[in-house]
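Structural description and commentary
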Amino acid sequence: MGRLQGKVALITGAARGIGRAQAVRFAQEGADIIALDICGAVDTVIIPPATREDLDETARLVSEAGGRIVTEVADVRDTDAVQAATDCGVEHFGGLDIVCATAGITSRGMTVELSENAWQTMLDVNLSGVWRTCRATAGHLIQRGSGSMILISSIAGLRGLVGVAHYTSAKHGVVGLMRTLANELAPHNIRVNTVHPTNVDTPMIQNDHVRGAFRPDLEHVSREEFAEAARPMNMLPIPWVEPVDVANACLFLASDEARYITAVTLPVDAGSTQR
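Presented here is an overview of the structure given in this document. Throughout, residues of each chain are indexed from 1 in the direction in which the sequence is written. Confidence filtering applies because this is a predicted model: local features only for residues at pLDDT of at least 70, side-chain atom pairs given and counted only at 80 or more, and all residues used for totals across whole chains, interfaces and linings. With hydrogens and water set aside, each side-chain value is computed from the structure's full complement of heavy atoms.

A few points about the overall build of the protein
- Helices and strands together make up the secondary structure of the protein, namely nine helices and seven strands.
- Dimensions of the protein along its principal axes, counting C-alpha atoms only, are 55 × 35 × 35 Å.
- Burial here depends on accessible area, computed with a 1.4 Å probe over protein chains only, as a share of the maximum for the residue type. Under 20% is buried, over 50% is exposed, and the range in between is partly exposed. The proportion of buried residues among the 275 residues of the protein is 53%.
- Accessible surface for the protein amounts to roughly 11800 Å². Of this, 51% is attributable to carbon and sulfur atoms.
- Asp and Glu are treated as the negative residues and Lys and Arg as the positive ones, with His and the ends of the chain left uncounted. A charge is said to be at NZ when it belongs to Lys, at CZ for Arg, at CG for Asp and at CD for Glu. Across the protein, the centroid of the 23 positively charged side chains sits 6 Å from that of the 32 negatively charged ones. Per the convention used, a helix needs a DSSP run of H or I reaching at least four residues, while a strand needs a run of E reaching at least two, with both numbered from the N terminus. Methods summary: accessible areas were calculated by the Shrake-Rupley approach with a probe of 1.4 Å, and residue burial reflects only the protein chains presented.

As structure tokens, then:
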């Protein structure tokens, strides 16, 4: 315990899923949390959005874990909103040490059938949103004289996946952004890495839209049927990992245990990228 004692972590997409798991896990290890989320719908995304109540639940769980937290509603597509939320949180806690750019969306469509809006919205959230988060926070880390940025990519950032060209392109772009930032921020003792999960048991995959892509032969796909179809993606005999598995990898990268690890692409993928 206490691996992040005295540190402040900013997390986007914190209302649920991986972002919530990061917030809770980091709080368990002593960090103060600045939690950002849009808490609303994004055009082109058909799965139910996170809500203000979801973000409040994250706050409750962080407090239950013994942590301090401030929450801000902000859309990572809005440069001014991300900067204002960041500055407000940093002012509240007195500094910033860790950044988790976790906010993301998913949608599907074959490459030549994607609409202009679907393509652009995906890049605006999953790539440019990560850049805006890094842009808003880098100065605070530089002022601290050290820090860790953790950018959530995907197995789609390391390999091509069918039916998600826009998602795959954005997640590959996150890797390029990470590698450049790792070089640019190294003189300030700031480390930058990406984490690449396989399917994660969150609302992003546990919905009819994604389940149906795995079993197009069925009108309604149960959780068990989805698990059976998803299991062959991974080398280990599991259909998906849990949000805490991703959060634990991020905790390592955020901690002093990883003090000399930067510019790394870390899969949390049950061997999926090596199949």
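Thoughts on the pattern of salt bridges
- Here, a salt bridge means any Lys or Arg side-chain nitrogen found within 4 Å of an Asp or Glu carboxyl oxygen. Within the structure shown, the criterion is met by ten salt bridges.
- The partner of arginine 144 in a salt bridge is aspartate 97, and the shortest N-O contact between them spans 2.9 Å. Placement of arginine 144 in helix α5 (residues 128-144) and of aspartate 97 in the loop between α3 (79-93) and β4 (98-101) is noted, with a sequence separation of 47 residues between them.
- Overall, the relative accessible area of 33% leaves arginine 144 in the partly exposed class.
- Between arginine 223 and aspartate 201 there is a salt bridge, and its shortest N-O distance comes to 2.6 Å.

Some remarks on the pairing of strand β3 (residues 69-73)
- For two strands to be treated as a pair, DSSP must find at least two bridges joining them. As judged from the five bridges shared by strand β2 (residues 32-37) and β3, these two strands associate in the parallel manner. Along β3, the bridge assignment pairs isoleucine 34 with valine 70.

Let's talk about the packing of aromatic side chains
- Aromatic contacts are taken between Phe, Tyr and Trp rings whose centres are within 6.5 Å, Trp giving its six-membered ring; a plane angle under 30 degrees counts as stacked, one over 60 as edge-to-face, and the others as tilted. This model, assessed by the stated rule, comprises two aromatic pairs.
- Ring plane angle 65 degrees and centroid distance 5.1 Å describe the contact between phenylalanine 214 and phenylalanine 226, whose orientation is recorded as edge-to-face. Placement of phenylalanine 214 in helix α7 (residues 208-214) and of phenylalanine 226 in helix α8 (residues 223-230) is noted, with a sequence separation of twelve residues between them.
- Relative accessible area serves as the criterion here: at 0%, phenylalanine 226 is assigned to the buried category.
- Plain terms: the ring middles of phenylalanine 226 and tryptophan 240 are 5.3 Å apart, the flat faces sit at 45 degrees to each other, and that makes the pair tilted. With phenylalanine 226 in helix α8 and tryptophan 240 in the loop between α8 and α9 (243-254), this pair connects stretches of sequence that are 14 residues apart.
- Cluster of aromatic residues (ring-pair linked, three or more members): Phe214, Phe226 and Trp240.

Overview of helix α1 (residues 17-28)
- To estimate the expected span of a helix, subtract one from its residue number and multiply by 1.5 Å. The terminal C-alpha atoms of α1, which comprises twelve residues, lie 17 Å apart, in line with the 16 Å expected from a rise of 1.5 Å per residue.
- Most of α1 is tucked away: eleven of the twelve residues are buried.
- Remark: glycine 30 follows α1 within two positions and exhibits a positive phi of approximately 105 degrees.

Looking at the side chain of serine 255
- Looking at the secondary structure, you find serine 255 in the loop between α9 and β7 (265-268).
- Any pair of residues with heavy atoms lying within 4.5 Å of one another is described as a contacting pair. Every residue in contact with serine 255, bar those within four places of it in the chain, is listed here: Arg3, Leu4 and Arg191.

Overview of the environment of alanine 27
- Residue placement: alanine 27 occurs in helix α1.
- Taking relative accessible area as the criterion, alanine 27 reaches 4% and is therefore assigned buried.
- Between the alpha carbons of alanine 27 and lysine 7 there is a distance of 9.7 Å; along the sequence they are 20 residues apart.
- Dropping the residues within four chain positions of it, alanine 27 is found in contact with Ile33, Val62, Ala65 and Gly67.

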